[in-house]
Amino acid sequence: QVQLVESGGGLVQAGGSLRLSCVASGRTFSSYAMGWFRQTPGKEREFVAAISWKGGSTYYADSVKGRFTISRDNAKNTVYLAMNNLKPEDTAVYYCAKESSKYGLGSQSGTDFGSWGQGTQVTVSS
(Lines give C-alpha, C1' and ligand atoms only; values in the text may rest on other atoms or scores of the structure.)
Protein backbone atom coordinates (compact mmCIF):
# COMPACT_ATOMS: atom_id res chain seq x y z
CA GLN A 1 0.00 0.00 0.00
CA VAL A 2 2.90 2.33 0.76
CA GLN A 3 6.58 2.13 -0.06
CA LEU A 4 9.39 4.23 1.33
CA VAL A 5 12.79 4.28 -0.32
CA GLU A 6 15.75 5.95 1.37
CA SER A 7 18.88 7.14 -0.35
CA GLY A 8 21.87 9.34 0.34
CA GLY A 9 23.74 7.29 2.89
CA GLY A 10 27.42 6.58 2.63
CA LEU A 11 30.82 7.01 4.18
CA VAL A 12 31.86 10.42 5.41
CA GLN A 13 34.58 11.89 7.59
CA ALA A 14 33.73 13.33 10.98
CA GLY A 15 32.59 16.90 10.56
CA GLY A 16 31.20 16.24 7.13
CA SER A 17 27.65 16.34 5.86
CA LEU A 18 25.13 14.08 4.19
CA ARG A 19 21.57 14.54 3.05
CA LEU A 20 19.23 11.59 3.19
CA SER A 21 16.13 11.42 1.04
CA CYS A 22 13.04 9.28 1.39
CA VAL A 23 10.62 8.99 -1.50
CA ALA A 24 7.16 7.68 -0.67
CA SER A 25 4.56 6.10 -2.85
CA GLY A 26 0.89 6.62 -2.17
CA ARG A 27 -1.57 9.37 -2.82
CA THR A 28 -2.02 10.41 0.82
CA PHE A 29 1.60 11.17 1.71
CA SER A 30 0.78 14.79 2.43
CA SER A 31 -1.63 13.84 5.22
CA TYR A 32 0.91 12.02 7.40
CA ALA A 33 3.69 12.96 9.74
CA MET A 34 7.07 11.48 8.86
CA GLY A 35 10.05 10.48 10.92
CA TRP A 36 13.63 9.32 10.81
CA PHE A 37 15.03 6.65 13.11
CA ARG A 38 18.41 5.00 13.32
CA GLN A 39 19.77 1.75 14.64
CA THR A 40 23.24 0.46 15.40
CA PRO A 41 23.86 -3.29 15.64
CA GLY A 42 23.28 -4.42 19.20
CA LYS A 43 21.42 -1.25 20.18
CA GLU A 44 17.78 -0.27 20.32
CA ARG A 45 16.23 1.71 17.51
CA GLU A 46 16.57 5.41 18.25
CA PHE A 47 14.38 8.33 17.32
CA VAL A 48 16.18 10.98 15.29
CA ALA A 49 13.69 13.49 13.92
CA ALA A 50 10.06 13.94 12.95
CA ILE A 51 8.02 16.41 10.97
CA SER A 52 4.31 17.12 11.14
CA TRP A 53 1.99 16.35 8.28
CA LYS A 54 2.08 19.90 6.93
CA GLY A 55 5.72 20.44 7.77
CA GLY A 56 5.10 23.27 10.20
CA SER A 57 6.48 21.47 13.26
CA THR A 58 9.71 19.55 13.63
CA TYR A 59 11.20 17.54 16.49
CA TYR A 60 14.70 16.27 17.12
CA ALA A 61 16.52 13.99 19.46
CA ASP A 62 18.82 15.91 21.77
CA SER A 63 21.80 14.09 20.30
CA VAL A 64 21.21 15.59 16.85
CA LYS A 65 19.57 18.91 17.65
CA GLY A 66 21.39 21.76 15.98
CA ARG A 67 23.13 19.44 13.54
CA PHE A 68 20.31 17.68 11.68
CA THR A 69 17.38 19.21 9.84
CA ILE A 70 14.27 17.37 8.72
CA SER A 71 12.15 18.79 5.92
CA ARG A 72 9.58 17.64 3.43
CA ASP A 73 8.33 18.43 -0.02
CA ASN A 74 4.82 17.09 -0.31
CA ALA A 75 4.66 17.88 -4.00
CA LYS A 76 7.52 15.42 -4.49
CA ASN A 77 6.37 12.90 -1.87
CA THR A 78 9.78 13.26 -0.28
CA VAL A 79 11.16 13.80 3.20
CA TYR A 80 14.77 14.81 3.79
CA LEU A 81 17.26 14.61 6.60
CA ALA A 82 20.15 17.01 6.25
CA MET A 83 22.98 15.97 8.54
CA ASN A 84 25.79 18.37 9.32
CA ASN A 85 28.85 18.14 11.55
CA LEU A 86 28.57 14.37 11.59
CA LYS A 87 30.16 12.44 14.43
CA PRO A 88 31.29 8.81 14.61
CA GLU A 89 28.43 8.11 17.01
CA ASP A 90 26.01 9.01 14.20
CA THR A 91 27.04 5.81 12.44
CA ALA A 92 23.90 3.71 12.00
CA VAL A 93 21.32 2.47 9.58
CA TYR A 94 18.83 5.28 9.07
CA TYR A 95 15.18 4.48 8.47
CA CYS A 96 12.42 6.65 7.10
CA ALA A 97 8.95 6.02 8.48
CA LYS A 98 5.39 7.23 8.03
CA GLU A 99 2.92 7.48 10.89
CA SER A 100 -0.08 5.20 10.84
CA SER A 101 -2.64 7.93 11.60
CA LYS A 102 -3.40 10.97 9.51
CA TYR A 103 -2.62 14.54 10.51
CA GLY A 104 0.04 13.64 13.03
CA LEU A 105 2.34 16.26 14.50
CA GLY A 106 5.31 13.95 14.68
CA SER A 107 5.81 11.13 17.15
CA GLN A 108 9.03 9.97 18.79
CA SER A 109 7.76 6.41 19.17
CA GLY A 110 8.42 3.85 16.50
CA THR A 111 5.17 2.09 17.33
CA ASP A 112 3.26 5.07 15.93
CA PHE A 113 4.76 4.53 12.50
CA GLY A 114 3.20 1.91 10.30
CA SER A 115 5.40 2.06 7.22
CA TRP A 116 9.17 1.81 7.10
CA GLY A 117 11.82 2.06 4.46
CA GLN A 118 14.59 -0.45 3.95
CA GLY A 119 17.19 1.75 5.58
CA THR A 120 20.33 3.43 4.36
CA GLN A 121 23.75 3.03 5.97
CA VAL A 122 25.55 6.08 7.30
CA THR A 123 29.13 5.56 8.40
CA VAL A 124 31.14 8.38 9.94
CA SER A 125 34.86 7.83 10.31
CA SER A 126 37.13 9.64 12.72
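These remarks concern the structure in this document. (Residues numbered from 1 in each chain as written. Predicted model: local features only at pLDDT ≥ 70, side-chain atom pairs only at ≥ 80, totals over all residues. Heavy atoms only, no water.)

## Looking at the state of the cysteines
Note on terminology: disulfide describes a covalent bond linking the sulfur atoms of two cysteines. In total, this model carries 1 disulfide according to the counting rule given. Shown here is the disulfide that connects Cys22 with Cys96, its sulfur atoms set 2.1 Å apart. The sign of the -80° torsion about the S-S bond sets the Cys22-Cys96 disulfide as left-handed. With a gap of 74 residues between them, Cys22 in strand E3 (residues 18-24) and Cys96 in strand E9 (residues 92-99) connect regions that are remote in the sequence. By the burial criterion, Cys22 is buried, and Cys96 matches it. (Disulfide = S-S within 2.5 Å. Helix = DSSP H or I, 4+ residues; strand = E, 2+ residues; numbered from the N terminus. Buried < 20%, exposed > 50% of the residue type's maximum accessible area, 1.4 Å probe, protein only.)

## Some details on unusual backbone geometry
Within the chain, Asn85 stands out as a residue other than glycine whose phi angle is a positive 50°. Following the sequence through the fold, Asn85 ends up in the loop between strand E8 (78-83) and E9. Even without a glycine there, the phi angle at Tyr103 is positive, about 60°. Counting through the fold element by element, Tyr103 comes out in the loop between E9 and strand E10 (113-116).

## Things to note about the packing of aromatic side chains
Across all of its chains, the model carries 5 aromatic pairs by this definition. Centre to centre, the rings of Phe37 and Trp116 are 5.1 Å apart; their planes meet at 55°, and the pair counts as tilted. Highlighted residues: Phe37 in strand E4 (residues 34-39) and Trp116 in strand E10, separated in sequence by 79 residues. Take Phe37: its relative accessible area is 1%, and that puts it in the buried class. Of the residues examined, Trp116 reaches a relative accessible area of 28% and is grouped as partly exposed. An aromatic cluster of three or more residues is present, and its members are Phe37, Phe47, Phe113 and Trp116. (Phe/Tyr/Trp six-rings, centres within 6.5 Å; stacked < 30°, edge-to-face > 60°.)

## Quick look at the environment of Phe113
You can see Phe113 is positioned in strand E10. In this structure the C-alpha to C-alpha distance between Phe113 and Ala33, which are 80 residues apart in sequence, comes to 8.9 Å. Non-local contacts of Phe113, meaning those with residues more than four positions away in its chain, are made with Ala33, Met34, Gly35, Phe37, Ala97, Lys98, Glu99, Ser100 and Ser107. (Contact = heavy atoms within 4.5 Å.)

## Digging into the environment of Leu11
One can find Leu11 in strand E2 (residues 10-13). The class for Leu11 is exposed, based on a relative accessible area of 66%. When the C-alpha atoms of Leu11 and Val122 are compared, they prove to be 6.2 Å apart, with 111 residues separating the residues in sequence.

This is a description of form; function is not addressed.
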